[in-house]
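# Working through the structure, step by step
Each chain is listed here by its residues.
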Amino acid sequence: MIEFDRVSVTYHRATEPVLSGVTLAIPEGELCLVIGRTGAGKSTLLRAVNGLVPHFTGGTLAGRVRVAGRDTRDHPPRELADVVGVVGQDPESGFVTDVVEDELAYTMESLGLPADVMRRRVEDTLDLLGLAELRARPLATLSAGQQQRVAIGSVLTAHPRVLVLDEPTSALDPPAAEEVLAALQRLVHDLGLTVLLAEHRLERVVQYADRVVYLPGAGRPVEVGTPAAVLRTAPVYPPVVGLGRLAGWDPLPLSVRDARRVAGPLRDRLAGRQPPAADGPAAGSRTAGRGWTPGTRGTRGTAGGSGTARTSGTSGTSGNIAEVRGLVAGYGELVALRRVDLTLPQGEIVALMGRNGAGKSTLLACLVGLLRPRAGSVAVAGRAPYGRRRLPLRDVGLVPRQPGDLLYAESVAAELAGAGSSARARGAAGARGAAGAEAAAGHFAALAPGVPPETHPRDLSEGQRLALALAVVLAADPALLLLDEPTRGLDYTAKRRLVGVLRERAATGTAILLATHDVELAAEAAHRVVVLAEGEVVADGPSRDVVTHSPAFAPQVAKILAPQPWLTVSDVERALGRDGGGP
Amino acid sequence: MPRQLHPGAWWLWAVGLGTAASRTTNPLLLALVAAVAGYVVAARRPDAPWARAYSAFVKIGLAVIAIRVVLQAVVGAELPGHELLRLPRADLPGWLAGIRVGGPVTAEELATAAYDGLRLAVLLACLGAANALANPSRLLKAVPGALYELGVAVVVAMSFAPQAVTAVGRVRAARKLRGRPDRGLRGLRGLLLPVLETALERSIALAASMDSRGYGRRAAVPARARRATAALTAAGLLGICAGTYGLLDSSATAGVTSGAATLLGLPVLVAGVLLAGLGLALGGRRVTRSRYRPDPWDVPEWLVAAAGVTVAAVFVVLGGDPALHPSTAPLVPPPLPLAFAAATLVGLLPAVVAPALPRLQLAAP
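Calculation rules
- Numbering of residues begins from 1 in every chain and follows the order in which that chain's sequence is written.
- Naming scheme: in the order in which they are written, chains are lettered from A and ligands are numbered from 1.
- This being a predicted model, a pLDDT of at least 70 is required before a residue's local features are given, and a value of 80 or more before pairs of side-chain atoms are given or counted; all residues contribute to the totals for chains, interfaces and linings.
- Elements are defined by DSSP. Helices are runs of H or I of four residues or more, strands are runs of E of two residues or more, and each kind is numbered from the N terminus.
- The exposure scheme places C-beta atoms from the backbone and then counts, for each residue, the other C-beta atoms within 10 Å of its own, assigning buried at 20 or more, exposed at 12 or fewer, and partly exposed in between.
- For the purpose of contact definition, each residue receives a C-beta atom placed from its backbone, and two residues are in contact when these atoms lie within 7 Å.
- By definition, two strands form a pair when at least two bridges between them are found by DSSP.
- Lines fitted to the C-alpha atoms define the axes, with helices restricted to the stretch that makes contact. Angles between their N-to-C directions range from 0 to 180 degrees.
- By this rule, a helix spans an expected 1.5 Å times one less than how many residues it contains.
- Each residue receives one of three labels: charged for Asp, Glu, Lys and Arg, nonpolar for Ala, Val, Leu, Ile, Met, Phe, Trp, Tyr, Cys and Pro, and polar for the others, Gly being one of them.
- Each residue carries a pLDDT score, the predictor's own confidence in it, on a scale running from 0 to 100.
- Among buried residues, those of type Ala, Val, Leu, Ile, Met, Phe, Trp, Tyr and Cys that are joined through C-beta atoms within 7 Å form a set called a nonpolar core.
- In this scheme, roughly parallel covers angles under 35 degrees and roughly antiparallel covers those over 145, while 65 to 115 is roughly perpendicular and the rest are oblique.
- Less than a right angle of anticlockwise turn of the near helix away from the far helix marks a crossing as left-handed, whereas a clockwise turn marks it as right-handed.

Further remarks concern the overall build of chain A. Broken down by element type, chain A carries 21 helices and 19 strands. Counting all 583 residues of chain A, 55% fall into the buried class. Of all intrachain contacts in chain A linking residues separated by at least 6 positions in sequence, the fraction that spans at least 24 positions is 68%.

Written as structure tokens, this is what we have:
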């Protein structure tokens, strides 16, 4: 169905090809997953399928790409619209009309299908993707998950034979992602659709894939094979595969179900052992007064690269950096938060979870002072963050969902230097600016090594951009660090680095709150998990308790080893390693 | 059955009322036209963002009257008559002799200005009524295939505005998060660039999406036919412009009776419409698109359009009637010509014949 014959792609003014010598054939009816590190050329490969590369993006494509017998050399994307449906990374930016129903019909209108066919297909697609109640809604009012489903529906109505999806679930909460993937599964099985998709969140998709294409990047040849074969050696793999590799399971299980069926012996070996409890200052207990001394704040200074100890009234009571009491907040008529209580103690990493629209971002906006609460109180470092001329950036820093928003210098180096100067502009001591810039550069190097300093922020990959934004925010050395969906578009390596940096900050006393859909990240990094639903806190407790009690939020390892309370592969690894006998 | 009326019908109706308003300066008739338009809007306006346009248009209209009257009082040409007050007169140098500033203000003068302003305001109200009643995106769906690409450009531009607002909010928040000014001149500079950048990135993503979804697929048409299409359409549009001008602008034909102007304008208009229609039909052959759920043109549409056309026709055909232009010098109370008033009331018909709107058109999120 899709044939790549010795395809190489070199973008304009690039010295290295993004793809080189890619040869693969994807037969009809297959669900093929493209994996690889950030920047390995996944998007380029996907966009080459319908000719967007090179017809639209420019650059040179050597070799031949054929879809359903049509060569993309002679067929521009619009002539392939009836056989290939493409859904990009950001569905909202691809919408042409303004209402759900019209958007679903748009491709069919372009193809000139008769009115009765269009009518029927729109109704079918509304049902297939569960969009029937949204049919008359303006697209701008939909949630991210709904928008993603509309975007998929809008190409499905043309009945393409190939569906190409670039990170279809990375913006979605676990239930919405399940919904989208279930719909895809149905399309593959019932309609024989050929699906090619790239996704960083392998734990969500790998069990559905018939075949995996691994792009190692840097000019090395692609690997194509069954998921179990490719994932045995690939550097990107989901936790279930990590556990399988650790335990030496063969064949490698790809789903929780397969893994559970072979996990009996491992559970027996782990029986009686306790997960390593103390890998964080909070580690399950968040009783008042835990291990906080004024000296802790002083050590933050050296770790953060700034020489001055924090003397402002950050102590609050009992070591809580932030206290939220009875918070009610919203936009216009929408009430996003209803009487939320939350405390964020020093040195604790808290994961804020909940479905799209549950109020996570609103809570972050209140904590950072961008939004004034309607009722209740918010105190960060003992003071209300809102209603001042400038945000109290030394108390609290936020990395927004689109980290690129924070960046506006011409190069990475200028951005890092600017981070120092804005730290100084905030009224800190003169020496602080330079130190802030140095600290920012240090954080950036730790998060995204090997980026040339003259790179324009726009040319950075998603993960590198997050790293730069985080480094810039950390330059101000905030007592409370907030991150909104930090793992969108991050590969596993970048995620590990992020977890490393967050832990390091927490160890020096920073309180960290991360809003995320990524259950694996929450299991790996967070000491505590808070779940929001409909603007209310529905669960608040140690990660181990909260995530293992909810199937939607449980990480794969927890599901495989339940009822034993293991959360991550590294937990298991350490427990087995401590025992002396490796797997 | 509750449904949305074809937007073209609403526009024909509104243009009909507007045509009538443009043919008279009689304040009673003008007020009647405005009342008719307002009543229909109140009866058949959907609950949608674009439907709020009406009040904005009315406010602009009121401002137009006020500005027109004030300007007349201060710098307008003098009309002898009942002096109401005397403004201090500014002495201008000789080379500005034609312009008067200040001086006596007469009732005749103000009445002329008010009548004029009112006519413009009522025209605006008719335009506002069309905007409030007809869904703009559905109207664009109804444009001929040959103009489709133009329509898409407009749709994209319309969707850009709300997105720009969101982008401004995001960028401002981000600037606050960096401790940079988000207001004032410096804030504006820091705001504009990222917002434009976002807009550019979005348009590139949109173009890629539209390309992948078959935008711009065309049937093969010989070059000669394409050129003929272009020529026909251009000539047709010119004809429509010239004809409309002749038909509506009675002051352009000062000295000639209105009937003569109509006779001059009408054939040109008809010829223009025919030519443009031919061009669009030819151009449409290149386009392979089809339409999803086009609005039907049914009995209610005919009735609504006919109501508008009837009002316009009466005012145009009987355009010579002096009651349409009551005298302001000498200032007399304007008469209410019953024939015209009755004709205007025909414009109320849509409030009854247009189908009721479906409930829950645009459910709130």
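With that settled, consider the overall build of chain B. When helices and strands are tallied, chain B shows 12 helices and two strands. In sequence order, chain B lays out its α and β elements as α-α-α-β-β-α-α-α-α-α-α-α-α-α. In chain B, which comprises 365 residues, the proportion classed as buried is 36%. Within chain B, contacts between residues at least 6 apart in sequence are counted, and of these 82% link residues at least 24 apart.

Another point: the pairing of strand 15 (residues 396–399) of chain A. Residues and elements named next belong to chain A. The alternating pattern of strand 15 places Val 396 and Leu 398 on one face and Gly 397 and Val 399 on the opposite face, and all of these are buried. Relative to strand 16 (residues 480–484), strand 15 runs parallel, the two being bridged by four bridges. Paired with Val 396 across the strands is Leu 480, a residue of strand 16.

Turning to the sheet that holds strand 13 (residues 349–353) of chain A, a few remarks are in order. Residues and elements named next belong to chain A. Read from one edge of the open sheet, six strands run 15-16-17-13-18-19, paired in mixed fashion. In the strand order of this sheet, the two ends are held by strand 15 and strand 19 (536–542), each with one partner. In this sheet, neighbouring strand axes are inclined to one another by 15° on average, regardless of whether the strands run parallel or antiparallel. In this sheet, strand 18 (residues 528–533) lies alongside strand 13 in parallel orientation, the contact comprising four bridges. Opposite Ala 351, over in strand 18, you have Val 529 as the bridge partner. Docked against the sheet, helix 13 (residues 360–368) engages strand 13, strand 15, strand 16, strand 17 (511–515) and strand 18, running at close to 150° with respect to strand 16. Against the sheet, helix 16 (residues 462–474) makes contact with strand 15 and strand 16, and its axis sits at roughly 170° relative to strand 15, the strand it touches most.

Now for helix 4 (residues 107–133) of chain B. Here helix 4 of chain B contains 27 residues, and its C-alpha end-to-end distance of 38 Å stays within 8% of the 39 Å for a straight helix at 1.5 Å per residue. The buried count for helix 4 of chain B comes to 23 of 27 residues, which makes it a mostly enclosed element.

Every contact between the two is made by 48 residues of chain A and, on the other side, 38 residues of chain B. At the level of secondary structure, the elements contributing two or more residues to the side of chain A that touches chain B comprise helix 3 (100–111), helix 4 (115–128) and helix 14 (412–425) of chain A. Here the side of chain A that touches chain B gets eight residues from one element, more than from any other, and that element is helix 3 of chain A. Looking at the side of chain A that touches chain B residue by residue, the classes come out as 27 nonpolar, 10 polar and 11 charged.

This paragraph deals with the sheet that holds strand 3 (residues 31–36) of chain A. Residue and element names in this part refer to chain A. As summarised here, the arrangement of the six strands in space is 6-7-8-3-9-10, forming an open sheet in which the pairing is mixed. The open sheet has two edge strands, strand 6 (84–87) and strand 10 (223–225), and neither has a second partner. Direction aside, neighbouring strands of the sheet carry axes that sit 15° apart on average. Across the face of the sheet, helix 5 (residues 144–156) comes into contact with strand 6 and strand 7 (162–166) while running at roughly 165° to strand 6.

Residues and elements named next belong to chain A. Per-residue pLDDT for chain A averages 84, and the proportion of residues at 70 or more is 89%. Contacts for the low-pLDDT stretch residues 278–317, under 50 throughout, to residues beyond four places or in other chains number 74 contacts. Here residues 425–431 is modelled with pLDDT under 50, and outside its nearest four sequence neighbours on either side it reaches nine contacts, counting other chains as well.

This part covers unusual backbone geometry. All names here are of chain A. A cis amide bond, omega 0°, links Asp 250 with the succeeding residue Pro 251. Along the polypeptide, Pro 251 turns up in the loop between helix 9 (239–247) and helix 10 (256–262). Here the phi dihedral of Ala 68 falls at roughly 50°; this positive angle occurs in a residue that is not glycine. Considering the arrangement of structural elements, one finds Ala 68 in the loop between strand 4 (60–67) and strand 5 (70–71). Of note, the phi angle at Glu 167 is positive, near 50°, even though the residue is not glycine. Among the secondary structure elements, Glu 167 is positioned in the loop between strand 7 and helix 6 (174–191).

Residue and element names in this part refer to chain B. Helix length check: helix 3 (residues 53–75), at 23 residues, gives a terminal C-alpha distance of 32 Å against a target of 33 Å (1.5 Å per residue), a fit within 8%. Along helix 3, the positions that sit buried rather than exposed are Ala 53, Tyr 54, Phe 57, Val 58, Gly 61, Arg 68, Val 69 and Gln 72. Looking at the buried side of helix 3, the elements it contacts are helix 2 (27–44) and helix 4.

Let us look at the environment of Gly242(A). All names here are of chain A. On the secondary structure map, Gly 242 appears in helix 9. The buried category is assigned to Gly 242, around which 20 C-beta atoms lie within 10 Å. Separated by 331 residues in sequence, Gly 242 and Glu 573 have C-alpha atoms that sit 9.9 Å apart. Contact partners of Gly 242, with chain neighbours within four places excluded, come to Tyr 237 and Val 569.

Bringing the pairing of strand 12 (residues 334–345) of chain A into the picture now. Residue and element names in this part refer to chain A. Here strand 11 (residues 320–331) runs beside strand 12; their pairing, made up of eight bridges, is antiparallel. Bridge assignment links Gly 330 to a residue of strand 12, and that residue is Val 335. Where strand 11 folds back on strand 12, the antiparallel hairpin that results is connected by two residues, among which Gly 332 adopts a positive phi of roughly 60°.

Residues Leu196(A), Leu367(A), Ala440(A), Ala471(A) and Leu480(A) are the most contacted members of the largest nonpolar core, which totals 202 residues. Looking at this core element by element, the count peaks at nine residues for helix 16 of chain A. Ala121(B), Cys126(B), Ala134(B) and Val304(B) belong to the second-largest nonpolar core, a separate cluster that totals 52 residues.

A few words now on the packing of helix 3 of chain A against helix 5 of chain A. Residues and elements named next belong to chain A. Interaxial distance between helix 3 and helix 5 falls to 6 Å at its minimum, and their mutual angle equals 35°. Listed contacts from helix 5 to Val 100, Glu 103, Leu 104, Tyr 106 and Thr 107 of helix 3 are Val 150, Gly 153, Ser 154 and Val 155. A per-class count over the contact of helix 3 with helix 5 returns five nonpolar, three polar and one charged.

Turning next to the confidence of the model for chain B. All names here are of chain B. The share of residues in chain B with pLDDT of 70 or more is 89%, and the mean pLDDT across the chain is 82. Contacts for the low-pLDDT stretch residues 252–256, under 50 throughout, to residues beyond four places or in other chains number four contacts. Per-residue pLDDT stays below 50 along residues 361–365; that stretch engages in 11 contacts with residues further than four places along the chain or on separate chains. For this predicted complex, the interface score ipTM comes out at 0.79, alongside a pTM of 0.75.

With that settled, the discussion passes to the environment of Pro358(B). All names here are of chain B. With respect to the helices, strands and loops of the structure, Pro 358 is situated in the segment after helix 12 (350–353). Judged by the 12 C-beta atoms lying within 10 Å of it, Pro 358 falls in the exposed class. Spatially, the C-alpha atoms of Pro 358 and Ala 306 are 23 Å apart, while their sequence positions differ by 52 residues. When near neighbours in sequence (up to four residues on either side) are disregarded, Pro 358 contacts Pro 2 and Arg 3.

Once that is clear, we can look at the environment of Val180(A). All names here are of chain A. Here Val 180 is to be found in helix 6. For Val 180, a count of 22 C-beta atoms within 10 Å translates into the label buried. Once the C-alpha coordinates of Val 180 and Ala 247 are considered, the two residues, 67 residues apart in sequence, prove to be 31 Å apart.

Residues and elements named next belong to chain B. Across the interface, helix 10 (residues 299–317) lies against helix 11 (residues 338–346) with an axial gap of 8 Å and an inter-helix angle of 160°. Relative to helix 11, the element helix 10 is oriented roughly antiparallel. Crossing handedness for the pair helix 10 and helix 11: left-handed. Taken together, the residues of helix 11 that come into contact with helix 10 (itself represented by Ala 307, Thr 310, Val 311, Val 314 and Phe 315) are Phe 340, Ala 343, Thr 344 and Val 346. Within the contact of helix 10 with helix 11, the residues separate by chemical class into seven nonpolar, two polar and no charged.

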